[in-house]
Amino acid sequence: VTKRNPRDYIFGKVIGEGSYSTVYLAKDIHTNREHAIKVCEKQQIIREKKREQVRREKDALNILSNSGSSLFVKLYCTFQDAERLYFVMSYAKNGDLLPYINKVGSFDAACTRFYSGEILRALEHLHDLNIMHRDLKPENILLDHNMHIKVADFGCSKILEQPDAVDKSILDENNPRQRSNSFVGTAQYVSPELLTEKTISPSSDLWALGCIIYQMIAGLPPFRSRSEYMLFKKILNLDYVYPDGFNADAKDLVQKLLVLDPNERLGTKDDQRYTSIRSHPFYNGLDFDTLHVTNPPPIY
Ligand SMILES: NC(=O)Nc1ccc2c(c1)=C(Cc1cc(-c3cccc(C(=O)NCCN4CCCCC4)c3)c[nH]1)C(=O)N=2
């Protein structure tokens, strides 16, 4: 197969922006297929010291693209020219989840169950492959033409090395989780352990899931502040409230995910699948294993 180059695509509108990247809607002139092409400026990557993040994103996307799951954006191919790197990925026609939450103000229980259930399935698959997303938020949950999710943006992801291969210098013997020296993720969804001991574990994605379930029902994330310092203080003090009328089962589930100790969050003691989350009363009647072939409930 000949290596693709920018001239194989007709570039359209900008559909996403990052500090060192722009995502375009593009059409492959040979297949007429629509793709999302993430274009990264090499100079910007070097200036922002993001080479490692770009490498991690490509590695995670390659593993996921070959894993057979439809719950993630697929990386079709990459190429570069003198100034830029190009990542050709799946195009999710309906954009990300945030405008849908903002548009209706609050998801009903059926929508919250379905979409948080699809996100849980994605986390099960991701964590089974020893990959942590570390920046899970509604803007990174995309919706395809059938309104099923595709998780995107693995720029903050981490592939947890196999225990015997891990670099001991960063592993604190008393602590089964690896230490990372860089703060990653988006402030409102960042877990307390990433703020304090800088430890990384799949449990940080479960914290973010708790924040997303709260936001689906309340319309806003649980921890909010104009100042990042005050926001971090609220997270570390678990300083958030449930609005009146918040679904009682969902409240109980969120309370079991927004736990300061990452080892005490619901699901952290499960292996393979998050059975203790799947069996929570909020998900009563939801068949997780057929979600991908179920028509999503309307968002209204
Ligand atoms: N950082 C990243 O890696 N970002 C990525 C990666 C892959 C990727 C990605 C981002 C995508 C983002 C995306 C953005 C959009 C989009 C942008 C602007 C407008 C719309 C749009 O209007 N869609 C119709 C749905 N609207 C949404 C709001 C409520 C009414 C209905 C979609 C579609 N897909 C994508 O499709 N594939």
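In this text, all values refer to a predicted model and were calculated from it rather than measured experimentally. (Residues numbered from 1 in each chain as written. Predicted model: local features only at pLDDT ≥ 70, side-chain atom pairs only at ≥ 80, totals over all residues. Heavy atoms only, no water.)

Visitor: Mind laying out the pairing of strand 3 (residues 34-41), listing which residues take part and the relevant values?
Guide: Burial analysis of strand 3 places six of its eight residues in the buried class, the great majority of the element. As paired strands, strand 2 (residues 21-28) and strand 3 are joined by seven bridges and run antiparallel to one another. From the neighbouring strand, tyrosine 24 faces strand 3, where its bridge partner is isoleucine 37. Taking the residues between adjacent antiparallel strands as the criterion, strand 2 and strand 3 are bridged by five residues, where asparagine 32 takes a positive phi near 65°. Here strand 3 runs beside strand 5 (residues 84-89); their pairing, made up of six bridges, is antiparallel. Considered in strand 5, the bridge of cysteine 40 is made with leucine 85. (Buried < 20%, exposed > 50% of the residue type's maximum accessible area, 1.4 Å probe, protein only. Helix = DSSP H or I, 4+ residues; strand = E, 2+ residues; numbered from the N terminus. Pairing = 2+ DSSP bridges.)

Visitor: Go over the layout of surface pockets with me, naming the residues and quoting the values.
Guide: Counted as a void, the largest pocket has a volume near 800 Å³. Lining the largest pocket are 34 residues, with Glu17, Val23, Lys38, Asn140 and Asp153 positioned closest to its centre. Of all the elements in the fold, those that place two or more residues in the lining of the largest pocket are strand 1 (9-17), strand 2, strand 3, helix 2 (51-65) and helix 3 (98-104). If you tally residues by element for the lining of the largest pocket, the top one is strand 1, at four residues. Class assignment for the residues of the lining of the largest pocket results in 14 nonpolar, 10 polar and 10 charged. (1 Å grid on protein atoms, 1.4 Å probe; cavity = no way out; pocket = protein on both sides within 12 Å on 5 of 7 lines; lining within 4 Å. Points joined across faces, edges and corners; volume = space filled by probe spheres on them. Nonpolar A, V, L, I, M, F, W, Y, C, P; charged D, E, K, R; others polar.)

Visitor: Help me get a handle on unusual backbone geometry, residues and values and all.
Guide: A negative phi holds for most residues other than glycine; trans holds for most peptide bonds. Within the chain, methionine 147 stands out as a residue other than glycine whose phi angle is a positive 65°. Locating methionine 147 in the fold gives a position in the loop between strand 7 (141-143) and strand 8 (149-151). The phi angle at glutamine 272 is positive, at roughly 20°, despite the residue not being glycine. With respect to the helices and strands, glutamine 272 occurs in the loop between helix 8 (248-257) and helix 9 (275-278). In this structure glutamine 272 comes out as exposed when scored by relative accessible area, which is 56%.

Visitor: Describe empty space enclosed by the protein, listing the residues and the values that go with them.
Guide: Taken as a whole and assessed by the stated rule, the structure comprises one cavity of 30 Å³ or more. Its boundaries defined by the atoms lining it, the largest cavity holds a volume of some 80 Å³. Arg134, Asp135, Tyr189, Val190 and Ala208 are the residues nearest the centre of the largest cavity, which is lined by 13 residues in total. Sorting elements by how many residues they give to the lining of the largest cavity places helix 6 (residues 203-218) first, with three residues. Partitioned by chemical class, the residues of the lining of the largest cavity number six nonpolar, four polar and three charged.

Visitor: Pulling in residues and values, what's your account of the site of the ligand?
Guide: In the neighbourhood of the ligand, 18 residues make up the surrounding shell, with Ala36, Lys38, Ser90, Ala92 and Tyr100 lying closest. Within the backbone of serine 90, a nitrogen or oxygen atom sits 2.8 Å from a nitrogen atom of the ligand. At 3.3 Å from a nitrogen atom of the ligand is found a side-chain nitrogen or oxygen belonging to aspartate 153. Compared with its free state, where it exposes 760 Å², the ligand has 72% of that area covered by protein. At a threshold of 2 Å from the grid points, most atoms of the ligand map onto the largest pocket. (Near = heavy atom within 4 Å. Polar contact = N/O pair within 3.5 Å; in protein donor to acceptor, adjacent residues only side chain to side chain. Areas by Shrake-Rupley, 256 points an atom, 1.4 Å probe, with all protein chains shown as cover. Sits in = over half its atoms within 2 Å of the grid points.)

In short, shape yes, function no, at least from these values alone.
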